[in-house]
Amino acid sequence: MNRSRPGRRSQAEQYEPLATSDGAAAEPAIPRDTTECPFSWMEYTIFGILGVAMLWAWNMFLAAAPYFSSRFAAAPSIQSTFQSAILTVSTITNLSALLVLSNLQYAASYPFRINLALTISTVVFALLTFSTTTFLAASPSAYFAFLLAMVALSSWATGLIQNGAFAFAASFGRPEYMQALMAGQGVAGVLPAVAQLTSVLLFPPDDDPDANPDANPGPAGKGETAAFLCFLAAVAVSVVTLVALIPLVRRHDRRLRGKLADRMAESTDSVHDVERAARRVTSLWALFLKLPWLAVGVAVTFAVTMFFPVFTAKIRSVDEGAGALFRPAAFVPLGFVFWNLGDLGGRVATMLPFTLGDRPFLLFLCSAARLAFLPLYLLCNVGGRGAVVPSDFFYLFVVQLTFGFTNGWLGSSFMMASGEWVDEGEREATGVFMGLCLVIGLTVGSLLSFTISDI
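Residues numbered from 1 in each chain as written. Predicted model: local features only at pLDDT ≥ 70, side-chain atom pairs only at ≥ 80, totals over all residues. Heavy atoms only, no water.

The name given to the chain in an unreviewed UniProt entry is Nucleoside transporter family, with the source organism recorded as Metarhizium album. Of the comments in the UniProt record for the chain, the one headed Subcellular location (unreviewed entry) reads "Membrane". Under the Sequence similarities (unreviewed entry) heading, UniProt states for the chain: "Belongs to the SLC29A/ENT transporter (TC 2.A.57) family." (UniProt positions renumbered as here; feature names shortened; annotations may be inferred.)

Here's what the structure looks like:
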C-alpha cells in the first residue's frame, strides 16, 4: 500500500511509513528538526561544487578518450581495450577504498578525507597536464602504464571524497544537500565533455587533414592542446573546491558547538570528539537489511550505465562529411555531452515534488528496466560499420539523452530516499553505505563492459 508522505522533502518531518501490504511494519523515518538545521542556499551551492569535484576526474578520463586513443594508435590491442581498462582500474580501486573507509566509521573525520582527496586530485591532474607537453614520443605501453597509475591514484581520491562527501552531507539531515551533490556530479559530467568538444573544434587534432591541412603529424600525442586545457581545468576545479569547503566546515562546526553545548560543558573533549561519541557505528549488513531495494537498485542503475562509455567511444556519425562537428574527434565528445546533459537533467528533476522514494521496490524495477536501452546502441553506427537506424538525431536524442536522464533521476532518487529509512544517528553511515553500493554497481558494470570492447 502507498505510504503517507508529503510531496516536498523539506517537510519530511511529517512523514512516517505505514505498515506494508503484507502486514510487516516498515522502518519509520526519523523526523528532522528543520529549526536545528535550516536550509541554506550557500551550503547547497558548496555541496554542489563538491559534487562537481567528486565526479570531475571520472568524466575527464572519459572525455579525453580521443586523445588517449591517439596516444595508443601504434598499439591496436591497447587502443581497443584502454577504455575498459580505465573503467576497470578506476572502479576496482574506488571500490577498495570505499570498503576500507566504510569500516572506519567511529574515528572518521569526513572533512579531512575530502581535503585529502582534493589534494591528491590536484597532484594527479597536474602530472597529466605536464604529460601532454613532454615525453610525447613515449611508447604506447609506457604511456598506458602511466595512465593507469594516474587512474588508480585519482580513483583512490574519488573513494575518499565520495566517502567523506556523502557522509558529510547526510550529517546535515537535509535531503536537499544530497541532491546538490548528485546535481553537482551531473554538472561535472557536462562541463568536461563540453570543454573537450570545444577544444577539439578550436584546436583540431594533427591527424585530421581536413580540419588542419597544414599540420605535421607526429608519432604520438595528437590533440595534446585540447587535453592540456582539460587536465588544467581539473586542477583548477580541485583548488576551487578546497577553498569553497572552508566556510562550509566552519558553519558545520559552529552548528555542532551549539547543538552539543551541554555535552561539551561536561567534557574537556573537542567538538569533533563529542560528535564522534554521539555517532552510531552501524554494520553494512544492518544497513542493507533496512535498505535492500534502494541498495540493490542504485547498484543496478550504475552497472547498466557503465556500458555507455564503451559504446559512445566507438559510435560514429552517419554523416562524417557534414563538417568538423561530425568527425570522430568531435562527435565522440558530442555523444558524451548529450548523455551528460540528460544525466544532469535527471538529477535536477529530483527537486520536483514527484518522487518514488516511498516506493523502493518500484524504483528498483525502473532501474532494471534500463537494460532495454543497451540494444538501442547496436542500432547506431558502431565502429563506422553502418547504422540500422541511420540518424544522428536518434543516437543523440533518443538513446544518449534519454539513457542519461534515467541514470540521473534514478541515481539521485535512490540516494535521497535512503536517509528517510534510518535513524538519525545512522545517517552518516547510510550515506557511506549507499555510496559504496553505487561504486559496487560501477565496478560490476565496468567488468561486464569488457564483453563489448571488441564490437
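Once you've had a look at it, read on.
Trainee: How should I be thinking about the nonpolar core in this particular structure?
Mentor: Side chains that are nonpolar tend, in soluble globular proteins, to be buried together. Membership of the largest hydrophobic core comes to 124 residues, with the highest contact counts inside it found for Phe47, Phe68, Phe125, Leu147, Leu181, Phe231 and Tyr377. It is helix α5 (residues 140-171) that contributes the most residues to this core, 15 residues altogether. When we break this core down by domain, the ones giving at least three residues each are domain 1 (39-204 + 220-265) and domain 2 (279-454). Excluding anything up to four places from it in sequence, Phe68 contacts Phe61, Phe82, Ile86, Tyr143, Leu147 and Phe231. (Core = buried A, V, L, I, M, F, W, Y, C linked by side-chain atoms within 4.5 Å. Buried < 20%, exposed > 50% of the residue type's maximum accessible area, 1.4 Å probe, protein only. Helix = DSSP H or I, 4+ residues; strand = E, 2+ residues; numbered from the N terminus. Domains from an automatic or database assignment. Contact = heavy atoms within 4.5 Å.)

Trainee: Can you walk me through the pattern of salt bridges in this structure?
Mentor: Side chains carrying opposite charge are able to pair once their charged atoms draw close together. Scanning all chains against the criterion turns up five salt bridges. Put simply, Glu176 and Arg174 hold a salt bridge, and the shortest N to O gap is 3.0 Å. With respect to burial, Glu176 and Arg174 carry one shared label: buried. (Salt bridge = Lys/Arg side-chain N within 4 Å of Asp/Glu carboxyl O.)

Trainee: I keep staring at the packing of aromatic side chains and nothing clicks. Help me out?
Mentor: By the definition in use, this model includes 33 aromatic pairs. The interplanar angle of 40° and the centroid separation of 4.9 Å between the aromatic rings of Trp293 and Phe364 together place this pair among those described as tilted. Within this pair, whereas Trp293 is found in helix α11 (residues 292-305), its partner Phe364 is found in helix α14 (residues 360-369), the two being separated by 71 residues in sequence. Judged by relative accessible area, which is 16%, Phe364 ranks as buried. A connected cluster of aromatic rings, assembled from ring pairs, spans Phe61, Tyr67, Phe68, Phe72, Phe82, Phe125, Tyr143, Phe144, Phe146 and Phe231. (Phe/Tyr/Trp six-rings, centres within 6.5 Å; stacked < 30°, edge-to-face > 60°.)

Trainee: Would you explain the packing of α11 against α14 in this entry?
Mentor: Pairs of packed helices are described in terms of their axes, by the angle between the two and the distance that separates them. Packing of α11 against α14 brings their axes to within 9 Å, and their N-to-C directions diverge by 15°. For the element pair α11 / α14, the angle class is roughly parallel. In this structure, the crossing between α11 and α14 has a hand that is left-handed. Here Trp293, Leu294, Val296, Gly297, Val300 and Thr301 of α11 come into contact with α14, specifically with Pro360, Phe361, Leu363, Phe364, Ser367 and Ala368. When grouped by side-chain class, the residues that make up the contact of α11 with α14 number nine nonpolar, three polar and no charged. (Axes fitted to C-alpha atoms, helices over the stretch in contact; angles between N-to-C directions. Parallel < 35°, antiparallel > 145°, perpendicular 65-115°, else oblique. Left-handed = near helix turned anticlockwise from the far one by under 90°. Nonpolar A, V, L, I, M, F, W, Y, C, P; charged D, E, K, R; others polar.)

Trainee: I keep staring at a nonpolar patch on the surface and nothing clicks. Help me out?
Mentor: A grouping of Phe39, Trp41, Val348 and Met351 is seen on the molecular surface, where their side chains present a nonpolar patch of about 380 Å² in accessible area. Structurally, Phe39 is set in the segment before α1 (41-63). (Patch = residues over 30% accessible without salt bridge, like charges linked within 9 Å, V, L, I, M, F, W, Y side chains within 5 Å. Areas by Shrake-Rupley, 256 points an atom, 1.4 Å probe, with all protein chains shown as cover.)

Trainee: Would you mind showing me how to read the packing of helix α16 (residues 392-418) against helix α17 (residues 427-448) here?
Mentor: Orientation of α16 relative to α17, taken along the N-to-C sense of each, is 155°, at an axis distance of 9 Å. Viewed along their axes, α16 and α17 adopt a mutual orientation that is roughly antiparallel. Every pair of crossing elements has a handedness; the one defined by α16 and α17 is right-handed. Side by side, α16 and α17 meet where Phe414, Met415 and Ser418 of the first sit next to Thr430, Gly431, Met434, Gly435 and Leu438 of the second. A breakdown of the residues in the contact of α16 with α17 according to their chemical character gives four nonpolar, four polar and no charged.

Trainee: Before we go on, may I ask you to explain helix α13 (residues 328-349) in this structure?
Mentor: Since the α-helix advances by 3.6 residues per turn, residues separated by three or four positions end up pointing in the same direction. Spanning 22 residues, α13 covers 31 Å between terminal C-alpha atoms, matching the ideal 32 Å at 1.5 Å per step. The buried fraction of α13 is high, at 18 of 22 residues. (Expected span 1.5 Å × (residues − 1).)

Trainee: Sorry if this is basic, but what is going on with the side chain of Gln400 here?
Mentor: Note that Gln400 resides in helix α16. Assessed through its relative accessible area of 0%, Gln400 is described here as buried. Those residues in contact with Gln400 that lie beyond four places of it in its chain are Phe308, Thr312, Gly335, Phe336, Phe338, Trp339, Tyr377 and Tyr395.

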